Amino acid sequence: MPLVIQAGLWGLLSGSALVVGAAIGYFANLPQRVIAAVMAFGGGVLISALSFDLMDEAYRTGGLAATSLGFLAGAVVYTGANIAVSRRGAQHRKRSGLADDARQPTSQEGSGLAIALGALLDGIPESMVIGVSLLDGEGVGLVTVAAVFLSNLPEGLSSAAGMRRAGRSKAYIFGIWGGIAAASGVAALVGNSAFAGASPATVAFVTAVAAGAILAMLADTMVPEAFETAHEYAGLITVAGFLAAFALSRAVGA
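Residue numbering note: each chain is counted from 1, following its sequence as written. Selection of residues for local features in this predicted model requires a pLDDT of at least 70, selection of side-chain atom pairs for listing and counting requires 80 or more, and totals for whole chains, interfaces and linings are taken over all residues. Note that water and hydrogens are dropped before the side-chain values are worked out from all heavy atoms of the structure.

Examining the packing of aromatic side chains
Think of it this way: a Phe, Tyr or Trp ring, Trp meaning its six-membered ring, pairs with another when their centres are within 6.5 Å, and the plane angle makes it stacked under 30 degrees, edge-to-face over 60, tilted otherwise. In this structure the tally under the stated criterion is 5 aromatic pairs. A ring pair is formed by phenylalanine 52 and phenylalanine 242, whose centres lie 5.9 Å apart and whose planes are at 65°; its orientation type is edge-to-face. Within this pair, whereas phenylalanine 52 is found in helix H2 (residues 32–90), its partner phenylalanine 242 is found in helix H7 (residues 234–253), the two being separated by 190 residues in sequence. Note on phenylalanine 242: relative accessible area 27%, which makes it partly exposed. Geometrically, the ring pair formed by phenylalanine 52 and phenylalanine 246 is tilted, given 5.0 Å between the ring centres and 55° between the ring planes. With a gap of 194 residues between them, phenylalanine 52 in helix H2 and phenylalanine 246 in helix H7 connect regions that are remote in the sequence. Categorising residues by exposure relies on relative accessible area from a 1.4 Å probe, with only protein chains included: less than 20% of the type maximum marks a residue as buried, more than 50% marks it as exposed, and the intermediate range marks it as partly exposed. Judged by its relative accessible area of 29%, phenylalanine 52 is partly exposed. Taken together through their ring pairs, the aromatic side chains of Tyr26, Phe27 and Phe174 make up a single cluster. In DSSP terms, a helix is any run of H or I states spanning at least four residues, a strand is any run of E spanning at least two, and both are numbered starting from the N terminus.

A look at the UniProt feature "transmembrane region" (unreviewed entry) in the protein chain
UniProt positions are given in the numbering used here, feature names are shortened, and annotations may be inferred rather than shown by experiment. The sites that carry the UniProt feature "transmembrane region" (unreviewed entry) are, in the present numbering, residues 6–27, 34–52, 64–85, 171–195, 201–221 and 233–252. Here residues 6–27 is 100% helix and 0% strand, with 31 Å between the C-alpha atoms at its ends. Helix makes up 100% of residues 34–52 and strand makes up 0%, while its end C-alpha atoms are separated by 27 Å.

Observations concerning the packing of helix H1 (residues 3–27) against helix H5 (residues 170–194)
Packing of H1 against H5 brings their axes to within 7 Å, and their N-to-C directions diverge by 160°. Comparing the axis directions of H1 and H5 gives the class roughly antiparallel. Note on packing geometry: the crossing formed by H1 with H5 is right-handed. Charged residues are taken to be Asp, Glu, Lys and Arg, nonpolar residues to be Ala, Val, Leu, Ile, Met, Phe, Trp, Tyr, Cys and Pro, and polar residues to be all remaining types, Gly included. Counted by class, the contact of H1 with H5 contains 18 nonpolar, 9 polar and 1 charged residues. For helices, the axis comes from a line fit to the C-alpha atoms of the stretch in contact; other axes are also lines fit to C-alpha atoms, and the angle between any two N-to-C directions lies between 0 and 180 degrees. The scheme is simple: roughly parallel for angles under 35 degrees, roughly antiparallel for over 145, roughly perpendicular for 65 to 115, oblique for anything else. Less than a right angle of anticlockwise turn of the near helix away from the far helix marks a crossing as left-handed, whereas a clockwise turn marks it as right-handed.

Brief notes about the pattern of salt bridges
Working definition: two side chains of opposite charge can pair if their charged atoms are close together. For salt bridges, the criterion is a side-chain nitrogen of Lys or Arg within 4 Å of an Asp or Glu carboxyl oxygen. Counted by the stated rule, this structure contains 2 salt bridges. The shortest N-O distance in the salt bridge between arginine 60 and aspartate 56 comes to 3.3 Å. Note that arginine 60 and aspartate 56 are positioned in helix H2 at a spacing of 4 residues, about one turn of the helix. Residue aspartate 56 is classed as partly exposed on the basis of its relative accessible area, which comes to 34%. Between arginine 60 and glutamate 57 there is a salt bridge, with the nearest N and O atoms lying 2.5 Å from each other. One end of the pair is arginine 60 and the other is glutamate 57, both in helix H2 and 3 residues apart, which spans about a single turn. Look at arginine 60 and you get exposed, because its relative accessible area is 56%. Among the charged side chains, a salt-bridge network with shared partners connects Asp56, Glu57 and Arg60.

This is the structure we're talking about:
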C-alpha cells in the first residue's frame, strides 16, 4: 500500500474518535467524572507524545533552531486561531461537563460552524504530524495516534450531547463529526505527500509546530476542563496517561 494512503488511513483512524465520541454522547449518558478521566488520561498521553515522539524527534531531525521556531510558531498560531473560534462560540468544544447547558457551545448562534472550526483547529496539526511521522520509514508513531484518538473522544462526546439538547438533528451532528474525521485523514495524507523529500530542518519545523499547537491546546482546554470535573484526581490520572504512553513508546522503540 502506498505510504501516502497509509498516512491518510492513520489520520482517519485518529479522527474517527470524534465520531465514536459523538455516538456515545448522543446515545448514552456517561458520568461526568468518567469523561473527565478520559480527558485527563488523554492529556497525559499527549504530553508524553509531544515530549518524546514529536519534540525529541524534531530536535534529532533538524536541530534546536528549527525545532524551537516551529514550537513557538505552533503555539502562537493555535492561540490566535483559538481566540477567534472561541469568540464565535467554540470555547467549550472539549468540555467534559455535560450537565450545564448554559455553557454548551451549541446554544449559541452560529456555534455549529465554530465547533467545526475549533475541531479542525485542534485536529489538523495533530493529523499532519501523523502523516509526517511516516516519512522516516520507521512506521507510524503509535503513541501519537493513540494520543490524538484519546484527545478527540471527549470533544466529540461532549459537543454531540450539547447539540442533541439544543435540538440539532442526528444527520447534522454526525455529518459535522464525520466530515471532520474525514478531514483528519486528508490532513495526514497532505502532511505525508507535501513534505516528502523536504529538508530535515523543514520536517523538524513542521513536527514542532504540531507539538507547540498541541501543548497550547492542552493548557487552554483539556487540562482546565478535566480538572474542573475530576478535581483532585485529575493530576494522578494525567500522570497515569503519561506513564502509559511513555512505556508504550519505549516498548515500541525497543
